[in-house]
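# Geometric and topological summary
Listed here are the chains, written in short residue letters.
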Amino acid sequence: MKQSEEDFELVKEPSDEKRNYIFKKDKITLGGFFFVLAVLILLIAAVVLTYRYLG
């Protein structure tokens, strides 16, 4: 059984009609990216501060 090649894109433009993509270029994806980034920064800051004061 031979599998066909997949041509997926990382980011889909709003005007494209493709179905093979990971992220859309819209406000929800951008908001989610900044939320995850903020949580990661807070977690890294918490680890650094905990190490500094307790370690």
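Just above sits the structure.
Described in the following lines is the structure provided in the data block. On a predicted model such as this, the values are computed, not experimentally measured, just so you know.

A few words on the overall build of the chain. Across its full length, the chain holds one helix and two strands. Each helix and strand of the chain, ordered N terminal to C terminal, gives the series β-β-α. Taking 2.2 N^0.38 as the reference for a compact globule, 55 residues should give roughly 10 Å; the C-alpha atoms of the chain span a radius of gyration of 19 Å, well beyond that estimate. Each of the three principal axes of the chain carries a C-alpha extent, and together these read 55 × 35 × 10 Å. Burial statistics for the chain: of 55 residues in total, 2% are counted as buried. With an accessible surface of roughly 5700 Å², the chain has 65% of that area assigned to carbon and sulfur atoms. Here the chain holds 8 positive side-chain charges and 8 negative ones, and the gap between their average locations is 8 Å.

On the surface, a cluster of nonpolar side chains totalling about 480 Å² of accessible area is made up of Phe8, Leu10, Val11, Ile22 and Phe23. For Phe23, the location among the structural elements is in strand β2 (residues 21–24).

Considering all chains together, one arrives at one salt bridge under this definition. Note that Glu13 is salt-bridged to Lys25, the shortest N-O span being 3.1 Å. Taken together, the residues Glu13 in the loop between β1 (9–12) and β2 and Lys25 in the loop between β2 and α1 (27–54) connect sequence positions 12 residues apart. For Lys25, a relative accessible area of 48% corresponds to the partly exposed category.

Cut-offs applied
- Residues numbered from 1 in each chain as written.
- Predicted model: local features only at pLDDT ≥ 70, side-chain atom pairs only at ≥ 80, totals over all residues.
- Heavy atoms only, no water.
- Helix = DSSP H or I, 4+ residues; strand = E, 2+ residues; numbered from the N terminus.
- Rg over C-alpha atoms; globule rule 2.2 N^0.38 Å.
- Buried < 20%, exposed > 50% of the residue type's maximum accessible area, 1.4 Å probe, protein only.
- Areas by Shrake-Rupley, 256 points an atom, 1.4 Å probe, with all protein chains shown as cover.
- Lys, Arg positive; Asp, Glu negative; His and termini not counted.
- Charge placed at Lys NZ, Arg CZ, Asp CG, Glu CD.
- Patch = residues over 30% accessible without salt bridge, like charges linked within 9 Å, V, L, I, M, F, W, Y side chains within 5 Å.
- Salt bridge = Lys/Arg side-chain N within 4 Å of Asp/Glu carboxyl O.

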